[in-house]
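Each chain, written out:
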Amino acid sequence: MGRYRRQRLANDHKRRMLRRRMGKMTLLVMITLTVVILVLYENLHLAGSPLKNGHRELMQAVQLDALQENVDPRLLYQTTQVTVATTTSAPSSAWDHSVYAHRRQQCENTCVRLREGGVVRTTRHGNTSYCVVPKVGCTFWLNIFRYLYNDTGDRTYSSPYDIPRMVTHYAPLKRMKMYTINNTFTPPNLSTDLRFMFVREPYSRLWSAYVDKFLLVDYWRSEGQRIVKQRKVKANATTPINKCAHDISFREFAEFVVSMQPAQLNEHWKPIQHLCSPCIYRPHVVGKMETFAQDSGFLLEHMNLSWVLASYEHEKHVYDEMDMLIDYNFQLLNHNFYKNCTNATDIADRLWRTFQINGYLPEEIAFPQDKAVKLNATAFKGMVHEAFRHRPKKSPAEWRQQREGAMVAAFKQLSTDTLEKLHNLYASDFELFGYDPRPDSLFKDRMTNTTSS
C-alpha cells in the first residue's frame, strides 16, 4: 500500500504542476490577445478611421459617451466614438487637430440643456458621413461626394472643381443618396462613420444668404414671392405689388426672417440647430467657415483625397467661383420669369456688386455700364477677369476689411428690435458653436436689451 500511496502522491504532484503550467500559458495567451487588441485599436485610431462593427462592444465598454443620457433616446443610435484628435500625419499646414475635441465639447456642454433640433440632409461615402448645412461651403462638399459617386449627370468630371453649380444642386441623384434622421429612421452605417459638418457665424451666414439669393436673382421667384406677399399684407392690399421681388432690401429680408418660426424658414437661413443638430448627429469633426481650408484638409486626408486641396490655387479658385456664379445667374435668363423681371445688364451689375462684397473686386471701381452693350456671360467674364487681374494690390487684411465693411453697413440698416430678434433666433447656434452673440461690430453703440442674452 505504501508503494501505491507514493505513486498516487507523485501523480497528484504532476497534475498540480501541469495545471500551473497551463495556467501560465493561459495567462500568457490572454496577455498576448490583449496586446493585439490594443495595437489594433490604436492603429484604427491613428488611421483616423471609424471602428469596425466587431470592435463596437470594446469601444462602448471603454468610452461611453456621457451625452447619450441627455438626448431623446428615440433619436439616438448606438455609436462608437472616433478619435480624430490624434497624432496622424498632419496636412501640410500643420493644423492642430485637438481643436475638434474642444468643438465637440462645446456642443456636448450645450446639448445637456438643448433638446430641440433636427437633421435634415446627410450623405455618406465609404466610412465618412457629411451633414449638409447650406451657406457653409456646401457646394464644395456636395461636389466632393458627387465626384466620388460619379453622380454628375451625363458627364464625367476629372475634378470636383469642374462640376457646374447647376449640376451640384439640381441634377437628380442616381448613385449618391440623401438621408434624414428622424424618430423612426437612422441612415445605415452612420454609427461607425466618421461624421462631420460645417458651421458659420450666424450673422455672416444670414448676410451671405441675402447676397446670394436676393441681391442676385436666384430666389426671386420662390422665397422672394413670400416676401412680396408680406408687403401686400402690410399695405392692406391697397397698393399694387411688384411680383418680381427685384428690390428686396436686406432690412426687408431680415424682418421677414424674424417674423417666421424656425421650422418655416428656408434652409439657407434656418438655424443650424434645426438643420444638423450636433445633439442628434453627434459629429466627430465640426468644421468652421472661418477655418475652412484647414478643416477641409484634415477631412480630405482622411478620405484619401489630399490631392484636391494640393491642387488648390487661390487665384484660380476666385476665377472659378466668379465664372460659376456668372454662368449660373445668366442661365436663369432662360426662364420666362427672369426674362420679364431682369436683363443681362442688370444681372451683370448685381454680380459686380457681389464680387465687391466678396472681396474679389475693389469697391472703388464701379460696374462699367458703358461696356455693357449686348452683354452675355462670356463677354462679362472677360470684363470681370480683366478687372480682377488689374485690381490694386491690397493686403489680405484690407480685402477682409472690405468684406466685413459691406456686412456691417448692411446690418446698420436694421432696427434694434430686428437685431435683437435675430440674436434670439440664432441663440442656440451661438452657444453650440462658440460664436459671440453680440459682436461689437454689429451691437456697439446700440441700446440693446441685454436681459435677452
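One structure accompanies this document, and this report is about it. For clarity, every value in this text was computed on a predicted model and none was experimentally measured. By convention here, each chain's residues receive numbers from 1 onward along its written sequence. Given that this is a predicted model, residues contribute local features only at a pLDDT of at least 70 and side-chain atom pairs are listed and counted only at 80 or more, while totals for whole chains, interfaces and linings are drawn from all residues. Processing note: side-chain calculations cover all non-hydrogen atoms of the structure and skip hydrogens and water entirely.

What to know about the overall build of the chain
Working step 1: Labels follow the DSSP assignment, with helices taken as runs of H or I lasting at least four residues and strands as runs of E lasting at least two, numbered in each case from the N terminus. Counting its secondary structure elements, the chain contains 19 helices and 5 strands.
Working step 2: Pairs at least 24 apart in sequence give 76% of the contacts found in the chain among residues at least 6 apart.
Working step 3: What sets the accessible areas is the Shrake-Rupley method with a 1.4 Å probe; for residues, cover comes only from the shown protein chains. As presented, the chain carries roughly 23600 Å² of accessible surface, and 53% of it is formed by carbon and sulfur atoms. In what follows, residue pairs with any heavy atoms lying within 4.5 Å of each other are defined as contacts.

Section: the nonpolar core
Working step 1: For our purposes a nonpolar core is just a set of buried Ala, Val, Leu, Ile, Met, Phe, Trp, Tyr and Cys residues, chained together by side-chain atoms within 4.5 Å. A simple rule labels every residue: compare its accessible area, found with a 1.4 Å probe on the protein chains alone, to the largest value its type can have, and call it buried under 20%, exposed over 50%, or partly exposed in between. Residues W141, F380 and F411 are the most contacted members of the largest nonpolar core, which totals 108 residues.
Working step 2: Of the residues forming this core, the biggest block, 8 residues, is contributed by helix α6 (residues 202-215).
Working step 3: The residues contacting F380, other than those within four sequence positions of it, are I326, F330, A348, L351, W352, F355, F367 and L375.

As for the environment of T291
Working step 1: For T291, the position within the fold is in the loop between β5 (285-288) and α10 (292-302).
Working step 2: In sequence terms T291 and R200 are 91 residues apart; their C-alpha atoms lie 9.8 Å from each other.
Working step 3: At 3.1 Å, the side chain of T291 forms a polar contact with the side chain of R103. Under the rule applied, a polar contact is a pair of N or O atoms within 3.5 Å (in protein, one hydrogen donor and one hydrogen acceptor; residues adjacent in sequence only if both atoms are side-chain atoms).

With respect to the pairing of strand β1 (residues 119-125)
Working step 1: Here the rule is simple: two strands pair whenever DSSP picks up at least two bridges between them. Relative to strand β3 (residues 179-181), β1 runs antiparallel, the two being bridged by 2 bridges. Paired with V119 across the strands is I181, a residue of β3.
Working step 2: Note: β1 against strand β2 (residues 128-131), 4 bridges, orientation antiparallel. Residue pairing for β2: H125 is matched across the bridge by T128.

Remarks on α6
Working step 1: With 14 residues, α6 should reach 20 Å at 1.5 Å per residue; the first-to-last C-alpha distance of 19 Å fits that figure.
Working step 2: Across the 14 residues of α6, 14 count as buried, placing the element largely inside the fold.
Working step 3: Between the side-chain oxygen at the start of α6 and the backbone nitrogen of Y203 there is a gap of 3.1 Å, and the oxygen is on E201. To estimate the expected span of a helix, subtract one from its residue number and multiply by 1.5 Å.

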